[in-house]
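So the chains spell out like this:
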Amino acid sequence: VTFFEEKMMDITDEAELANRRDAHGMTITPTRRFLYQFDRIQNNAEVFDMGKVINDPNATLPMQAMAHAGTIDLTGSGFCVGEGAPFVNQDDEGYERNDDPAPDLVDISPDGQKLIVAFRGPHPVTVTHAALGSCPGFGVVTLDGDGSTGTLTHVFRTFLEDATGTKNLS
């Protein structure tokens, strides 16, 4: 059942690249009420109320869209400002001190009050990727009220310099 869909875009248009999605980590509350889908490019989590998903393939998207409970923004806290000089990204270019956590994998605390999110760094060991992050390590999103909203409240950075001291390999 499709219960959330955004507009389609021309991925060959450079102007559209910042609007792309790169869904990665996903977790659900212990009560199965809310599902959190994290996005590495948009630096957020879309929150879905599973009790509002209509289990009918003929339900229209506007009907299913009622399951979208909100969006948790991972930027703006100041916790994920990049390391800056002398460090370089995977292309050996200096990178800006930006607020780009690039969430990857996620899990939820047993009490359902916190989301633990792995963040990518500026020099991933894997292949070249559009979603380079500025604060490798992990973050804690503290959920508010019923769990449909939350805030990035902590970032625990990992740090591992390469032999030249110019790349954070974590």
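Further up the page is the structure itself.
Residues numbered from 1 in each chain as written. Predicted model: local features only at pLDDT ≥ 70, side-chain atom pairs only at ≥ 80, totals over all residues. Heavy atoms only, no water.

## Looking at the pattern of salt bridges
Within this structure, the stated rule accounts for three salt bridges. Of the charged contacts in the structure, one is a salt bridge between D49 and R33, with a shortest N-O distance of 3.3 Å. A residue pair is termed long-range when its members are at least 10 positions apart, and D49 in strand β3 (residues 44-49) and R33 in the loop between β1 (23-28) and β2 (34-39) qualify at 16 residues. Residue D49 is classed as buried on the basis of its relative accessible area of 7%. One salt bridge connects D104 with R40, and the closest N-O pair in it is separated by 3.1 Å. In this pair, D104 sits in strand β5 (residues 103-108) while R40 sits in the loop between β2 and β3, placing the two residues 64 residues apart along the sequence. Across the pair, exposure class does not vary: D104 and R40 are buried alike. Taken together, the shared-partner salt bridges connect R33, D49 and D146 into one network. (Salt bridge = Lys/Arg side-chain N within 4 Å of Asp/Glu carboxyl O. Helix = DSSP H or I, 4+ residues; strand = E, 2+ residues; numbered from the N terminus. Buried < 20%, exposed > 50% of the residue type's maximum accessible area, 1.4 Å probe, protein only.)

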